[in-house]
Amino acid sequence: MLVFFWLAVISLFLTVVCTLETALGMRRMTVLDDVPLLQRENVPKVSVIIPACNEAATIEPALKSILAMDYADLEVIAVNDRSVDRTGAILEEMQKQYPGLQIYDISELPEGWLGKNHALQHGAEQARGEYFLFTDADIIMEKSSLARAMNHMLENRLDHMSMFFKNIAPGGLLNALILEAGGGLMLLLKPWKAKDPNSKRYMGVGAFNLVKSMVYKAIDGHKTIAMHPIDDVMLGKMIKQIGFSQDCLLGHNFIQAEWYVTVREFINGLMKNTFAFCNYNMANVLFGVLVVVIMNILPLLAVFLTSGITRGLFGTAVIVRILSFANGFSKTGINPWYSAWALVTSYIYIYIALKAAITTKINRGIIWRGTYYSLDELKANLQKAKM
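Calculation criteria
Residues numbered from 1 in each chain as written. Predicted model: local features only at pLDDT ≥ 70, side-chain atom pairs only at ≥ 80, totals over all residues. Heavy atoms only, no water. Helix = DSSP H or I, 4+ residues; strand = E, 2+ residues; numbered from the N terminus. Rg over C-alpha atoms; globule rule 2.2 N^0.38 Å. Buried < 20%, exposed > 50% of the residue type's maximum accessible area, 1.4 Å probe, protein only. Areas by Shrake-Rupley, 256 points an atom, 1.4 Å probe, with all protein chains shown as cover. Lys, Arg positive; Asp, Glu negative; His and termini not counted. Charge placed at Lys NZ, Arg CZ, Asp CG, Glu CD. Patch = residues over 30% accessible without salt bridge, like charges linked within 9 Å, V, L, I, M, F, W, Y side chains within 5 Å. Salt bridge = Lys/Arg side-chain N within 4 Å of Asp/Glu carboxyl O. Core = buried A, V, L, I, M, F, W, Y, C linked by side-chain atoms within 4.5 Å. Contact = heavy atoms within 4.5 Å. Pairing = 2+ DSSP bridges. Axes fitted to C-alpha atoms, helices over the stretch in contact; angles between N-to-C directions. Phe/Tyr/Trp six-rings, centres within 6.5 Å; stacked < 30°, edge-to-face > 60°.

For the protein, the helix and strand inventory stands at 14 helices and twelve strands. For 387 residues, the compact-globule formula gives about 21 Å, and the C-alpha radius of gyration of the protein, at 21 Å, lands near that figure. With the principal axes as the frame, the protein shows a C-alpha extent of 70 × 50 × 40 Å. Classification of the 387 residues of the protein by burial places 53% in the buried group. When the accessible surface of the protein is summed, it comes to about 17,800 Å², and 58% of that surface belongs to carbon and sulfur atoms. Computed over 36 positive and 33 negative side-chain charges, the separation of the two mean positions in the protein equals 8 Å.

Turning our attention to a nonpolar patch on the surface. A cluster of nonpolar side chains, contributed by L301, F304, L305 and Y347, occupies part of the molecular surface with about 480 Å² of accessible area. Since its relative accessible area comes to 44%, L301 is described here as partly exposed.

Ranked by internal contacts, the top residues of the largest apolar core, which has 73 residues, are V46, L63, M150, M161, F208 and L210. The element best represented in this core is helix 5 (residues 145–155), accounting for six residues. Judged by nonpolar contacts, the second largest core, of 19 residues, contains I77, A119, M234 and L235.

Tracing the backbone shows L210 in strand 8 (residues 209–212). Using a relative accessible area of 0% as the deciding quantity, one classes L210 as buried. In this structure the C-alpha to C-alpha distance between L210 and S47, which are 163 residues apart in sequence, comes to 9.5 Å. Apart from the residues lying within four places of it in its own chain, the contact partners of L210 are V46, Y131, F132, L133, L146, A149, M150, M153, D159, H160 and M161.

Looking now at the pairing of strand 9 (residues 246–250). The element strand 9 is largely enclosed, with a buried count of five among its five residues. Burial of the side chains of strand 9 extends over both faces: Q246, C248 and L250 are buried on one face and D247 and L249 on the other. With five bridges connecting them, strand 6 (residues 160–164) and strand 9 associate as parallel partners. The residue bridging M163 from the neighbouring strand is L249, located in strand 9.

Moving on to unusual backbone geometry. A positive phi angle, near 55 degrees, is found at Y280, a position not held by glycine. Considering the arrangement of structural elements, one finds Y280 in the loop between helix 10 (274–277) and helix 11 (282–303). Exposure remark for Y280: the relative accessible area of 5% places this residue in the buried category. Located in the positive-phi region is R364, a residue other than glycine, with phi close to 55 degrees. Structurally, the position occupied by R364 is in the loop between helix 13 (345–363) and strand 11 (365–368).

Here we come to the sheet that holds strand 5 (residues 139–141). If you trace the three strands from one edge of the open sheet to the other, you get 5-10-7, paired in mixed fashion. Each edge of the open sheet carries a strand with a single partner, namely strand 5 and strand 7 (166–167).

Before going further, it helps to examine the sheet that holds strand 1 (residues 46–52). Here seven strands make up an open sheet; going across it, the order is 3-2-1-4-8-6-9 and the pairing mixed. Pairing within the sheet leaves two strands with one partner each, and these edge strands are strand 3 (102–106) and strand 9. Across the sheet, the axes of successive neighbouring strands diverge by a mean angle of 20 degrees, strand direction being ignored.

Moving on: the packing of aromatic side chains. One pass over the full model with this rule turns up twelve aromatic pairs. Relative to W259, the ring of F165 lies with its centre 6.5 Å away and its plane at 85 degrees, an arrangement referred to as edge-to-face. With F165 in the loop between strand 6 and strand 7 and W259 in the loop between strand 10 (255–257) and helix 9 (263–271), this pair connects stretches of sequence that are 94 residues apart. Judged by relative accessible area, which is 33%, W259 ranks as partly exposed. Between F266 and Y349, the aromatic rings sit 6.0 Å apart at their centres with planes inclined by 90 degrees, giving edge-to-face as the arrangement. With F266 in helix 9 and Y349 in helix 13, this pair connects stretches of sequence that are 83 residues apart.

With respect to the secondary-structure elements, L354 resides in helix 13. For L354 and S213, which are 141 residues apart along the polypeptide, the C-alpha to C-alpha distance reads 39 Å. In this structure, L354 is in contact with V285, L286 and V289, ignoring residues within four places of it in sequence.

Below, the structure is given as structure tokens:
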């Protein structure tokens, strides 16, 4: 039982430390609500670049929200990346309503590129803005989002800025999975340190990556990370490691997306990049699984297997975890009662991590949006991005 006692101490310690670090770190991040609108007559031109591969269900409302933004000098570029659904037709219909909307079609994917990364690069090559805003085809933006973001960029003389968004997915389990994904990302990358020039920490968010065009060209755009599944975060890494300035904000009241509609979609979506987060290293995967078991799975099971102070420690770890989920939900306007799903999510994440690693190893690559990418190419690009 002494072993269980020390496991209880370790589990509670890790849970409390991780919860406090994330909570205190987020308090250090700027909230977009607190940033005023940009008040200038001549504003820098911003090119918004949206890649779209089979996004017929979301592309129209997303584009309309961007086209309606209150920003004087805006260029909107949509890149139809080999879509086989109605994405292309919807874009053509929208262009009739919004003549300023630029549409570019990609029919073939060049060798050595992931589809989305190539579409972003292609859109950037057509853009004329002083700043590029990379976003996704399912993101809804409040009309003042860009004006506030640009004010923060200019006032703080930033070269790059990313922003976290609000998830509007349905269901308790799905929301709990997404909340844990966001919390895990916060803990691993510590985005509140991205603005510190003395820190190596960096951040990038696919929903909102705003970067100076000259900086984007200085890092050779997406070419260096052409085969990296985590393009948004890696873009932030490339910018920070060369010495450019960046920041990451909380924009939950201004940027939102229905990230996934079902738990199955969520699981399938994470299959493409979970192994990449572990640098395609099985030892990293197994270590991560062990940490998750000790922190999130063992405590609840041990409550029924132990007694006395050991049971109390394990029980406290469970309560802290549930309360942290309830706090996260309440801050984003989601029913805090969904926090009970925190007792289940870790099992799903272990399944995703192990299946993603094993499947990638067996297939010697990943399949994303119907295209196969070999593991050798993915690893080669990973090494290139580390340089």
